[in-house]
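# An overview of the molecular structure
Residue-level listing of the chains:
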Amino acid sequence: MLFNSVVFVLLFLPAVFLLFAYVHRRSIEASLLVLLIASIVFYAWWRPVYLLLLGASIGVNYAIGLRLQAAGASRGWLILGVALNLGCLAFFKYTDFFIGSLDDAFGFGIARPEIVLPLAISFYTFTQIAYLVDSWRGLVKDARFSDFALFVTFFPHLIAGPIVHHSELMPQFRKFMRREDLWQDLAFGLTWFSIGLFKKVVIADTIAAKIDPVYAAAKAGQLVTFLEAWAACLGYTMQLYFDFSGYSDMAVGLGLMFGVKLPLNFASPYKAVNIVEFWRRWHITLSRFLREYLYVPLGGNRKGPVRRYVNLMITMVLGGLWHGAGWTFVIWGTLHGVYLCLNHLWRGIKAMLGWRQEGGYFARLGAGALTFMVVALAWVLFRADSLASAGNIFHGLVGGNGVLVSEKTGAWLAQHGALPAWIAVAPDKHVGALTTIDIFSWIAVALALVWLAPNTQQLMGEDGARWYRWKPTFIWTSFATIASIVPLYYMLYLPNRIVRFIYYNF
Amino acid sequence: MHRRMVRIVLWMVAATVVLPALLVLAIDPYQVLHRPFLRTALFISNDRYQDAGLIHQYLGRGDEYDSIVIGTSMSEGYPPTEIGAALGGRSALGLTIRGGNADALALVAESALATGKVRHVFWEVYRGYWDPLWMEQVQMPADLYSDSTRWGFRHYLFNHDAVLSSTRIVRGTQAGVPNIEMLYMTPGEFTEASREFNSPASLAKLRAELVPGAPIVGADRPTNASQIESAIRDDIFAVVDAHPEARFDIVFAPTSYMDIARRGPVDFARRSLVLRLLTAGAATRPQVTVFAFDTMSCIGGDLRNFRDYNHFSPGVRDLIVAALRSGSSRIVSADLDAYLDREGREVREWRDRFLAGGPGYEGKPLACAEATD
């Protein structure tokens, strides 16, 4: 079930909330049961058969977790648990990729199995690996099965995160009966959810509809010209942020409606002035997981600068591969690994030369622009279906595939005597694969929002009191109303626009 | 405060869900649910929706029409009474779909025939309507045609286009015509577009598209033969067989020789296959007659009859009506090979004349048809 579907917003969510509101003061177990059943229904809506896999995964991990929590537990249980989780993920997510890559390299002619990727497997695998590792470390005590099952399946985070940590979620389940004001939680959560819904349905999906034809054209082998390529690159940079942060906002809002505070996943990542900061602001819970359960166990920065760079590269390549089974994701991860290494190297050089780490205003502005551009360029790899498509778009970005302008722009340039021969004019309102050139207006608005506007948690007053912070006032009521009804109208009355969340694919 | 905020937001959400749908229900811009009340009738040329309204309110609930015209934009504008009389009935309701593919046309025909009122069907088959690329672009609100329950109309009630049309009707800004006879008619459009199509610059461009001496015929089985076969079988003859009470006049729409010549042998093989399948199907179904006009050089070989490669003039439309009435231009399996030979020859000769610099025609338009009459 999609958060941005009519059936979720108008049927599932109200029904679950009403049931929960009825039972939450009467019985903790009943509250947990309501949320657990709701989460199972939510997951099974897609393909019920994969409930078996999810159920087996929960059962096995809980059992191994109990073994690991016992005094004197063997390390073998941890290795078995992690291996089972990664093996399952590898089978469903990477079998086709590895067989395909082998086949491409050596021409074995092996038939590729048709394996459907179970929804959310990347997310619930990671949450459970963290649980097992912490059980081994002695950080988990007396976890009940119902709490564990709900921790893994809780529908606001199940499909696409945030990647929750058991220590931040499970203790909250036992506090349902101490909730002070259901209306306050509902008003707060509803506003947060609405902001996310607006970001996803109105901004991300609108941009997606405009740039998808460019990526389709690149896939079909058509040459992507300069403006198309920049629309595709910057448009996807905006689409991905508003899609995924919109989803995360919806998840946080839903959690709040049920009295559960989920971790934040985004903190204005495009305001970052270096790539290290970017990863502290983008998909925060994944960065946290990779740092705590991969980078640090590999040795982190404790074994000298060379090992630090090696560890960074391993972490980012695997992080890339986690996003998708394909060479584009591997290269995307590698690229970010290189970015991070360069960033650390630059810091080291500055320290060696005795320069200030924090530059002045213009230095920060330049660093921010540079960070944004390298991130945006890397997103092309993240979005393109193949290296050839990505290469086509990169070629277009530097003008290698020519420059095509709209009829109107061409006429304007000609009128001012500024239409050189190397600029071609589109014969109608289509500019190559772009149906209209107004995508750049959308990109400009989106850029203004990500650079100049406060992010959702700032709006909601989560990181300090600001004059605009959320209060149940007339202005905020109007804001929440508009943020709710505009996307809802889109969902109900323009149903062809409903697009899956990008991170559902991972 | 919090409770009030939640209530206001939820009430507004409820209003967003319900009010636009209620507006569509009351105004019903395409008359899918009811005939207009408290307003004058207005018919909108958004055929994918409007045809559903015509079927439900005017075919199903009236006795005025006993014939229908099924086809693409090429079959727009047939005068209802004339075409109805030519088909042997009263008046014909035009249920054309611009860019309609095989599935879309079958959907409309099935829905109209299901009313039990239709006795005569004019069914245009256009050379490209099984085109798979084209088919992806056709967006039909299928529930308005195929779902017999009212629940199927939820897609109509919750539809942005329907909301916009309803709003425009309330504001008095909706474009439309006051009666069905004027629907899908664009008087004057042909003359201007045809003049442009036949301008010296346009003719020079058309000549540049043709390759001297290139074959017109000669390809064997066309690449998408199986799609054509299933389109004819499932989307035409399955409908025919389900409705023995009706007569079907299938018209293979004439196109310009320019179009046939530029597309070459593969497309000619497709045209041939379509005609072969249509005539074979008609041979075992006495209620079906097939008409084709491509051997009449005064139609296809005269670009003055066209406003683009395919869309023909009202004069050609009249000629088709006359052919239906008289039974001329009827084609059967036994005559097909000779027909195709002649068509290929006529197109080749026309192309050579056209490339030699001539207009490709002689005398006044449709002269050969007058001679035939």
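## Remarks on the pairing of strand β1 (residues 65-71) of chain B
Residue and element names in this part refer to chain B. In terms of residue burial, β1 counts as a mostly covered element, since seven of its seven residues are buried. Relative to strand β2 (residues 91-96), β1 runs parallel, the two being bridged by six bridges. Within the sheet, the bridge partner assigned to valine 69 lies in β2 and is glycine 94. Running through helix α3 (residues 80-87), the crossover from β1 to the neighbouring parallel element β2 is right-handed. Bridge analysis of β1 against strand β3 (residues 120-125) gives four bridges, and the strand direction is parallel. Bridging across to β3, valine 69 finds its partner in phenylalanine 122.

## A look at the packing of aromatic side chains
A complete count under the given rule lists 65 aromatic pairs over all chains for this structure. Stacked on the ring of A:Tyr215, the Lys or Arg A:Arg383 has its end atom at 4.4 Å from the ring centre.

## Here we look at the pattern of salt bridges
Going through the model one piece at a time under the given rule, you end up with 27 salt bridges over all chains. A salt bridge links A:Arg144 to A:Glu29, with the nearest nitrogen and oxygen atoms 3.7 Å apart. Linking A:Arg144 in the loop between α5 (121-136) and α6 (145-153) with A:Glu29 in helix α2 (residues 28-44), this pair joins segments that are 115 residues apart in sequence. Given the relative accessible area of 45%, A:Arg144 is considered partly exposed. Between B:Arg233 and B:Asp234 there is a salt bridge, and its shortest N-O distance comes to 3.1 Å. Put simply, B:Glu209, B:Asp259, B:Arg262 and B:Arg263 are held in one network by salt bridges that share partners.

## Regarding the interface of chain B and chain A
Contacts between chain B and chain A engage 21 residues on the former and 22 residues on the latter. Counting every contact that joins chain B to chain A gives zero salt bridges. Between chain B and chain A we count four residue pairs in polar contact (both at pLDDT 80 or more) in total. Elements with a contribution of two residues or more to the side of chain B that touches chain A: α1 (2-27) and α8 (160-171) of chain B. Here the side of chain B that touches chain A gets 14 residues from one element, more than from any other, and that element is α1(B).

## Re the nonpolar core
A:Phe8, A:Phe258, A:Tyr270, A:Trp379 and B:Trp123 are the most contacted members of the largest nonpolar core, which has 270 residues in total. Not counting chain neighbours up to four residues away, the residues in contact with B:Trp123 comprise B:Ile70, B:Leu105, B:Ala106, B:Ala109, B:Asp235, B:Ile236, B:Val239, B:Phe248, B:Asp249, B:Ile250 and B:Val251.

## Quick look at the environment of A:Phe126
Residue and element names in this part refer to chain A. Relative to the helices and strands, phenylalanine 126 is located in helix α5. Taking the relative accessible area as the measure of exposure, phenylalanine 126 reaches 8% and is therefore buried. The sequence separation of phenylalanine 126 and alanine 71 amounts to 55 residues, and the corresponding C-alpha distance is 24 Å. Excluding its chain neighbours within four sequence positions, the residues that come into contact with phenylalanine 126 are Ile163, Leu286, Phe289, Leu290 and Trp322.

## Here's the deal with α1(B)
With 26 residues, α1(B) extends 37 Å from end C-alpha to end C-alpha; this agrees with the ideal 38 Å at 1.5 Å per step. Taking the largest bend as the criterion, α1(B) deviates by roughly 25°, centred on B:Thr16, and proline B:Pro20 comes between one and four positions later. The elements touched by buried residues of α1(B) are α1 (6-23), α9 (182-219) and α20 (474-493) of chain A together with α7 (154-157) and α8 of chain B. Of the residues trailing α1(B), B:Asp28 is marked for its positive phi of about 45°.

## Digging into the domain arrangement of chain A
Residue and element names in this part refer to chain A. Looking at chain A, the domain boundaries give domain 1 (6-178), domain 2 (182-266 + 402-506) and domain 3 (279-373). The distance between the C-alpha centroids of domain 1 and domain 2 comes to 30 Å. On the side of domain 2, 24 residues touch domain 1, which itself brings 32 residues to the contact. For the pair domain 1 and domain 2, the summed buried area comes to about 2400 Å², and 77% of that belongs to carbon and sulfur atoms. The interface formed by domain 1 and domain 2 contains zero salt bridges. At the boundary of domain 1 and domain 2, one finds two residue pairs in polar contact (both at pLDDT 80 or more). Counting residues per element, the ones that place at least two in the side of domain 1 that touches domain 2 are α1, α2, α5, α7 (155-158) and α8 (166-173). Looking at which element gives the most residues to the side of domain 1 that touches domain 2, the answer is α1, with nine residues.

## Looking at the side chain of A:Thr371
All names here are of chain A. Along the chain, threonine 371 turns up in helix α15 (residues 361-383). Of note is the side chain of threonine 371, whose polar atom sits 3.2 Å from the backbone oxygen of valine 273. One polar contact links the side chain of threonine 371 to the main-chain amide nitrogen of asparagine 274, over a distance of 3.4 Å. Among residues more than four places away in sequence, those in contact with threonine 371 are Ala272, Val273, Asn274, Ile275 and Phe278.

Thresholds, definitions, all that
Residues numbered from 1 in each chain as written. Chains lettered and ligands numbered in written order. Predicted model: local features only at pLDDT ≥ 70, side-chain atom pairs only at ≥ 80, totals over all residues. Heavy atoms only, no water. Buried < 20%, exposed > 50% of the residue type's maximum accessible area, 1.4 Å probe, protein only. Helix = DSSP H or I, 4+ residues; strand = E, 2+ residues; numbered from the N terminus. Pairing = 2+ DSSP bridges. Right-handed = clockwise from strand over helix to strand, strands pointing away. Phe/Tyr/Trp six-rings, centres within 6.5 Å; stacked < 30°, edge-to-face > 60°. Lys NZ or Arg CZ within 6 Å of the ring centre and 35° of its normal. Salt bridge = Lys/Arg side-chain N within 4 Å of Asp/Glu carboxyl O. Contact = heavy atoms within 4.5 Å. Polar contact = N/O pair within 3.5 Å; in protein donor to acceptor, adjacent residues only side chain to side chain. Core = buried A, V, L, I, M, F, W, Y, C linked by side-chain atoms within 4.5 Å. Expected span 1.5 Å × (residues − 1). Bend = angle between axes of the 7 residues up to and from the residue. Domains from an automatic or database assignment. Buried area = accessible area lost by both parts, 1.4 Å probe.

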